[in-house]
Amino acid sequence: MLTLSGPETYYDYHGRALGLEYMMCEKFAQMEGVSLRVEVCTDTAEMVKKLLNEDADLIAFPLPENIKGASQLKFCGAGIDSLHVQWAVRKDCEELARALNKWYKPGMRKENKQEEEFLLSTRSIKRHIYSPMLNRRSGIISHYDGYFMTYSMDFGWDWRLMAAQCYQESCFDPKAVSWAGACGLMQIMPGTAAHLGLPLSQLYDPEMNIAAAAKYLKELSGKFNDIPDRMNRMSFILACYNGGYNHVRDAMRLAQKHGKNPHEWNEVSKYVLLLSESAYYRDPIVQHGYMRGSETVGYVQRIHERWAQYRSLAHTPRLGIPPEKSKHRNRYN
């Protein structure tokens, strides 16, 4: 399928594809028993050109009937009647057009939109919400403080910052799972687990999950050696953990283009937010399209706020795990 990047079309979200046109096309592909490859174009003219050059099978984007090249297209499948827009295939692809017309029903747009809204809500995350503080008087945040202390040392973070991130991710539920497949305390995706060498069978093991997350955070830290200020670097790392490295780098490029400091989170976060607006995510210097920036900016802010609360504790427990007693620490050094 050919399409454009955008909230109603196609975008990357935590390593999973979303967008109304994509979701519908994916279901059509599944019905036909074929896999779906997506190619994002810069504009409708490029989509039409690629389709006519037989570089793709269909345009999964609501095209107007008077678009340039319409005489060589067959409009079919998903559309919006009131706007006179519809998907399109090449005029000679009659069998594909018939299949799309037979498959598409007017209520599909509403159904898929409701499904997407559910996936993007907290209702799609299966987790038990535990208290953000296990024992305030004793300074104990969670049952996993010892793991945070042990593994945060490997990349120089305050263990309470990692604890604050964990609460944001899973509310300290080691069995938490999201619709996208993120698992455990630190909500690690299966693909990320494979990259880190964490067996899928051990994704829900609290220590293994935290150890792998620490390894990933250390890896992300290494990608931001160009940011000299430590506090700023922490914010960029958290933003990447949530929204993806490529999107954050897009925001940094936008900040620099507009005369702002690309190494200052307070400046870059404004462009993370603006990546949800077409004037910005379709800027030629943006390489990875639309981003749900408000979620990422809020994620970083809430973690910092909870970290400040944790740092205000009167007592700090001594719960670090000696390396020789940790089951897995040597694997993640």
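The structure under discussion appears in the preceding block.
From a predicted model like this one, the values you see are computed outputs, not experimental measurements.

Asker: Could you give me a rundown of the nonpolar core, with the residues and numbers involved?
Answerer: With 88 residues, the main nonpolar core has Trp87, Phe148, Met162, Ile188 and Tyr241 as its most contacted residues. In terms of residue count, the dominant contributor to this core is helix H8 (residues 206-222) (9 residues). Aside from chain neighbours lying at most four places away, what touches Phe148 is Ser142, Trp159, Met162, Ala163, Cys166, Phe172 and Ile210. In this structure, Cys41, Val48, Ile67 and Ala70 belong to the second largest nonpolar core, which totals 14 residues.

Asker: I'd like a description of the environment of Phe75, backed by residues and values.
Answerer: Within the secondary structure, Phe75 is located in strand S6 (residues 73-80). Of the residues examined, Phe75 reaches a relative accessible area of 22% and is grouped as partly exposed. Contacts of Phe75, omitting those with residues within four sequence positions, involve Leu63, Pro64, Glu65, Ile67, Ala70, Gln86, Trp87 and Ala88.

Asker: Which residues make up the packing of H8 against helix H9 (residues 230-243), and what are the values?
Answerer: Remark: H8 packs on H9, axes separated minimally by 9 Å, with the N-to-C direction vectors making an angle of 120°. Overall, the two elements H8 and H9 adopt an arrangement that is oblique. Here H8 runs over H9; the crossing is right-handed. When H8 is examined against H9, the residues Ala213, Tyr216, Leu217, Leu220 and Ser221 are found in contact with a partner set consisting of Arg233, Ile237, Cys240 and Tyr241. Its residues placed into classes, the contact of H8 with H9 shows 7 nonpolar, 1 polar and 1 charged.

What counts and what doesn't
- Residues numbered from 1 in each chain as written.
- Predicted model: local features only at pLDDT ≥ 70, side-chain atom pairs only at ≥ 80, totals over all residues.
- Heavy atoms only, no water.
- Core = buried A, V, L, I, M, F, W, Y, C linked by side-chain atoms within 4.5 Å.
- Buried < 20%, exposed > 50% of the residue type's maximum accessible area, 1.4 Å probe, protein only.
- Helix = DSSP H or I, 4+ residues; strand = E, 2+ residues; numbered from the N terminus.
- Contact = heavy atoms within 4.5 Å.
- Axes fitted to C-alpha atoms, helices over the stretch in contact; angles between N-to-C directions.
- Parallel < 35°, antiparallel > 145°, perpendicular 65-115°, else oblique.
- Left-handed = near helix turned anticlockwise from the far one by under 90°.
- Nonpolar A, V, L, I, M, F, W, Y, C, P; charged D, E, K, R; others polar.

Purely spatial values, then, with no claim about function.
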